[in-house]
Amino acid sequence: MKKKILIYEYFTGGGLINEDLNSELFPEAIKMLNYIVNEYKKSENFDIKYFVDIRLKGNDKDSIAIKHHDELFDNNILKKFDLILPILPEIDSKLLMYAKYLKSNAHITILSDIKTIEITSDKYMFYHFCKEKDIPVIETYLSNEIYKIKSNLIVEKDRFGAGCSHVKIISKGSSITSSSYIFQPYIDGDHYSLCVFFYNDRYKLLTVNKQMINIDKQKQVHLCKLIVNQKNHNQFSLHKVIDCINNALPGLYGYVGIDLIISNGRFILTEINPRLTTSFTGISESVGVNIADYEYLASKVLYNSKKFHLYL
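This section reports on the structure supplied with the text.

## Quick notes on the sheet that holds strand β6 (residues 167–171)
For step 1, the next point in the chain: Overall, antiparallel pairing links the 3 strands, which are arranged β6-β5-β7 in an open sheet. Both edges of this open sheet fall to β6 and β7 (181–185), since each of them pairs with a single strand only. For this sheet the average axis-to-axis angle between neighbouring strands, irrespective of direction, equals 35°.

## A closer look at the pairing of strand β4 (residues 83–87)
For step 1, the next point in the chain: Of all the 5 residues making up β4, 5 are buried; the element is thus mostly covered by neighbouring parts of the structure.
For step 2, the next point in the chain: For strand β1 (residues 3–9) and β4, the ladder comprises 5 bridges, and the chain directions are parallel. Looking at β4, one finds that I7 is bridged to L85.

## A closer look at the packing of aromatic side chains
For step 1, the next point in the chain: Under the criterion given, the structure shown has 11 aromatic pairs.
For step 2, the next point in the chain: Among the aromatic residues, ring-to-ring pairing joins Y8, F51, F73, Y98 and Y101 into one connected group.

## What about unusual backbone geometry?
For step 1, the next point in the chain: One non-glycine residue, D201, adopts positive backbone phi at about 65°.
For step 2, the next point in the chain: The residue D201 is located in the loop between β8 (190–199) and β9 (202–215) in this model.
For step 3, the next point in the chain: Despite not being glycine, K219 shows a phi value in the positive range, around 65°.
For step 4, the next point in the chain: Tracing the backbone shows K219 in the loop between β9 and β10 (221–228).

## Looking at the pairing of β1
For step 1, the next point in the chain: Within β1, 5 of the 7 residues are buried, which leaves it mostly tucked inside the rest of the structure.
For step 2, the next point in the chain: Of the strand pairs in this sheet, β1 and strand β2 (residues 46–53) are connected by 5 bridges, and their pairing is parallel. Note that in β2 the partner of K3 across the bridge is F46.
For step 3, the next point in the chain: For the handedness criterion, the β-α-β arrangement of β1, helix α1 (residues 26–42) and β2 is classed as right-handed.

Here is what the cut-offs are and how they apply
- The written sequence of each chain sets the order in which its residues are numbered from 1.
- For this predicted model, a pLDDT threshold of at least 70 governs which residues receive local features, and a threshold of 80 or more governs which side-chain atom pairs are given and counted, while totals over whole chains, interfaces and linings are taken from all residues.
- Side-chain descriptors were evaluated using all non-hydrogen atoms of the structure, hydrogens and water having been removed beforehand.
- Any two strands with at least two DSSP-identified bridges between them are counted as paired.
- Helix and strand definitions follow DSSP, with helices as H or I runs of at least four residues and strands as E runs of at least two, each counted in order from the N terminus.
- A fitted line through C-alpha atoms represents every axis, and for helices the fit uses only the stretch in contact; the resulting angles, taken between N-to-C directions, go from 0 to 180 degrees.
- Buried residues are those whose accessible area, probed at 1.4 Å on protein chains only, stays under 20% of the maximum for their type, while exposed residues exceed 50% and partly exposed ones sit between those limits.
- Planes of paired rings set the category: under 30 degrees apart is stacked, over 60 is edge-to-face and the rest tilted, where pairs are Phe, Tyr or Trp rings (Trp by its six-membered ring) whose centres lie within 6.5 Å.
- Convention used here: a crossover is right-handed provided that the path from the first strand, over the helix, to the second strand proceeds clockwise when the strands point away from the viewer.

Structure representation (structure tokens):
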């Protein structure tokens with residue numbers, strides 16, 4: 001019997017219902033929604049519905065139009081589904097708050113547990129957690145701790161951010177415009193995102209994706225392209241990092257994105273996204289597997305040589 005699943009992607013699904021649809025992350029959200037909806041529609045195991053902002057409503061009978069923000073929390077709608085897949089950003093703890101709401105109302109989700117989402121949503125908390133667990137992680141400081149950074153170039157980020165919501169290169173002597181930012185040393189290296197599926201205290205590495213980064217004239221950092229399923233010769237070290245993460249965060253579940261930098265042979269973790277990310281949108285083309293089919297996903301050896309270029 002097919003399971004009924006509801007997908008709520010924040011930017012396209014009504015999270016911005018009272019705002020203009022002009023977020024820098026909106027194009028990525030469209031790609032991600034279209035991909036995951038198509039994957040679930042192709043699966044024989046699910047009947048799918050998904051929230052859509054009324055301003056984006058098309059002719060798809062499987063979409064549920066959202067006119068008011070409260071509809072996203074309507075238990076009369078939510079309780080009709082066996083599973084809920086929330087795809088919300090960590091910005092302002094939006095993912096954490098929605099996850100708490102779903103849990104408090106006993107809805108079953110494809111999502112990591114509350115404590116794990118809390119740790120990974122706060123980049124400063126995440127840094128100290130990783131240090132305590134001996135996970136190789138990029139140094140992260142608050143505005144009053146910048147003096148601890150030795151490099152002259154510093155990366156300024158949203159403390160509770162997602163993607164490149166605010167990532168900027170500044171010099172050590174620059175004035176700080178907001179105490180809500182965190183600061184990291186600039187590290188010259190290759191940027192990667194890992195698509196990982198976590199389940200039953202185990203994990204499956206789906207793809208290793210190289211991130212092509214662009215820095216504009218204002219020193220803002222943008223992700224412009226992904227090479228999905230990029231071969232990396234040090235698979236052992238990659239799995240060692242994921243093993244450490246899996247042991248330290250047993251509450252990770254479902255689709256998870258892991259970002260890291262490889263510099264001088266060192267693997268340095270930058271963040272974990274406890275949800276679907278844009279990096280997942282090339283998996284079916286590169287490994288030939290529908291990521292909606294969990295049992296097959298968990299048993300299949302997926303990592304192969306086929307690449308897929310995703311332009312953002």
